[in-house]
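Close look at the chain arrangement
If you want the building blocks of each chain, they are given just below.
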Amino acid sequence: MSYMKVTSGFVQALAAIVGEKNVLTGDERKAYSRDESTGPVAVMPDVVVRPENTEAVSRIMKLANEHGIPVTPRGAGTGLSGGAIPIAGGIVLSLERMNKIIEVDRDNFCATVEPGVTLIQLYKAAGEQGLYYPTYPGETSATIGGNVATNAGGMRAVRYGVTRSFILGLQAVLPTGEVIETGGKFVKNTSGYDLTQLIIGSEGTLAIVTRVLIKLTLIPGKSEILFIPFPTLKDAIEAVPDILKAGVLPVGIEFMEKDIIQMVEKFTGVSIPMHDRNAFLMVMVEAETDEQVQATAEKIGDVCFGHGADDVFLPPNAQAKKELLEAREKFYPTISHFGMLELVDIVVPRSKIAEFVAQSKQIATDMGINLVAYGHAGDGNVHMHPIGERTPEVEAKVHKLLVELYKVGMAMGGAVSGEHGLGIAKRDYFLGVADPARVELMKRIKTAFDPRGILNPGKLFDRPGKAS
Ligand code: LAC
Ligand code: ZN
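Residues numbered from 1 in each chain as written. Chains lettered and ligands numbered in written order. Predicted model: local features only at pLDDT ≥ 70, side-chain atom pairs only at ≥ 80, totals over all residues. Heavy atoms only, no water.

Before going further, it helps to spend a moment on the packing of helix 12 (residues 353-366) against helix 13 (residues 392-411). Running from N to C, helix 12 and helix 13 point in directions that differ by 155°, and their axes come no closer than 10 Å. On the basis of the axis angle, helix 12 is roughly antiparallel to helix 13. Crossing handedness for the pair helix 12 and helix 13: right-handed. Listed contacts from helix 13 to Phe-356, Gln-359, Ser-360, Ile-363 and Ala-364 of helix 12 are Leu-401, Glu-404, Leu-405, Val-408 and Gly-409. (Axes fitted to C-alpha atoms, helices over the stretch in contact; angles between N-to-C directions. Helix = DSSP H or I, 4+ residues; strand = E, 2+ residues; numbered from the N terminus. Parallel < 35°, antiparallel > 145°, perpendicular 65-115°, else oblique. Left-handed = near helix turned anticlockwise from the far one by under 90°. Contact = heavy atoms within 4.5 Å.)

Our next topic: the nonpolar core. The biggest cluster of nonpolar side chains holds 56 residues, and the ones touching the most others in it are Phe-255, Leu-281, Ile-300 and Val-382. Ranked by the residues each element gives to this core, the list is headed by helix 7 (residues 233-245), at seven residues. Setting aside residues up to four positions removed in sequence, Leu-281 forms contacts with Leu-226, Phe-227, Ile-228, Phe-230, Ala-236, Ala-239, Val-240, Ile-243, Ile-253, Glu-254, Phe-255 and Ala-377. Grouped together as the second largest cluster of nonpolar side chains are 54 residues, Ala-126, Tyr-133, Tyr-160 and Ile-200 included. (Core = buried A, V, L, I, M, F, W, Y, C linked by side-chain atoms within 4.5 Å. Buried < 20%, exposed > 50% of the residue type's maximum accessible area, 1.4 Å probe, protein only.)

Take the pattern of salt bridges next. Working definition: two side chains of opposite charge can pair if their charged atoms are close together. If you walk through the whole model with that rule in mind, you get 18 salt bridges. For Arg-50, the salt bridge goes to Glu-96, with nearest N and O atoms at 4.0 Å. Here Arg-50, found in the loop between strand 2 (47-49) and helix 2 (54-67), pairs with Glu-96, found in the loop between strand 4 (91-94) and strand 5 (101-105); they are 46 residues apart in sequence, far enough to count as distant. A residue is classified by how much of its surface remains accessible, and Arg-50, at 18% relative accessible area, is buried. (Salt bridge = Lys/Arg side-chain N within 4 Å of Asp/Glu carboxyl O.)

Now for the site of ligand 1. Looking at ligand 1, the residues that line it are Arg-328, Tyr-332, Tyr-374, His-376, His-383, Glu-419 and His-420. A distance of 3.1 Å separates an oxygen atom of ligand 1 from a polar atom in the side chain of His-383. Computed on the free molecule, ligand 1 has an accessible area of 220 Å², of which 89% lies beneath the protein chains in the complex. For the shell around ligand 1, the per-class residue count stands at two nonpolar, three polar and two charged. (Near = heavy atom within 4 Å. Polar contact = N/O pair within 3.5 Å; in protein donor to acceptor, adjacent residues only side chain to side chain. Areas by Shrake-Rupley, 256 points an atom, 1.4 Å probe, with all protein chains shown as cover. Nonpolar A, V, L, I, M, F, W, Y, C, P; charged D, E, K, R; others polar.)

In this section: the pairing of strand 4. Across the two faces of strand 4 the burial is the same, with Ile-91 and Leu-93 and Val-92 and Ser-94 all buried. Direction of pairing for strand 2 relative to strand 4: parallel, over a ladder of three bridges. Of the residues in strand 4, the one forming a bridge with Val-48 is Val-92. In the sheet, strand 3 (residues 71-74) pairs with strand 4 via four bridges, with the strands oriented parallel. (Pairing = 2+ DSSP bridges.)

Shown next as structure tokens:
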């Protein structure tokens, strides 16, 4: 696909829609040139435009479509796969000014918000009405629009699923400028293709989401964290199906090993309980009363003792609980600090995690690469990071390693990305293992939404320089 250049006349036309101060063509564009993914890729857009409402988004898209100018939508830029990097140049369409909570509807347990609303804003607005948005990807400065684009997951997926589980409907602008509404304030719907769910996770390649209808639930009365040490990762992972079979449904079950625990201690200066043990599960539970939480914790403890655990640590107070959770949330910045070369976000059936991590580490060791692994044991989502110093030789080796890891993961019935999206970071690995018939169908869907291919080019399955 070849694109047209942004001219000064085109910039003026954008300014006529959003006002001059919301069209950026100078150094301020740098802040829109990348996201928080690893690696050096950053591309300056020709122009950044910051609309304030749906009508402006529609007019911008119509204009860009007529002129064949690429458009990369952007939320807070906290993505980890390069989905918001404008690799074909053109326009970055930032939704930062569309940040209003339009409504919290207590009777229907839902909220209607603009895409630039941050998660922290949403948690607060729901909480003020006694309601709860349980999805917790961890980065609370992320926007709901960005979460919808990647179908963000996080640490509460075992009980609550991922972003798509709590989205009831969308308003979205198509590349042609048409505005569509999908879904509604209801639970049932069998009225044709589910466009809400098709747009969720499409990483800004099909439409620009301008309004999100979000399902809410009641605030849980109590929550607790259990931190459980095991002799080996295999023991820890094998306990997970049995925890679920015991009839308790934790909010999340995280796994981690000694290496990351010790790195996070060094990075944060906070001491983690039982830090000399080999492997851990961190189990988050919620219930209505202290007694229920206690009973659940005991059941989980019993199962874990049967799998080799010799202790169950319950943080004694709110501060200790907060520290433990914060330590978990700091894994990504910790590993970045110690020389993260890549971020793997693979997902495998949860019973296969131990085998997958063991095989991956063996392959890495054979190649002389240090691999740190942790992740969301309850939902099969494994994060792995080769760490070291970035040189062209090391990068080539890491690339070879990742190709192998994705092959191993796919052979176990996995998928390339569990929660961060493909963006540009995972695109080629995805194309390396994906069923060609499925990719071709995705391309036809893309063309139906975006005939000129202007929306977020170069992402998912679209290699730059090739028409998608
Ligand atoms: C986490 C992010 C990297 O699980 O997804 O910490
Ligand atoms: Zn994660």
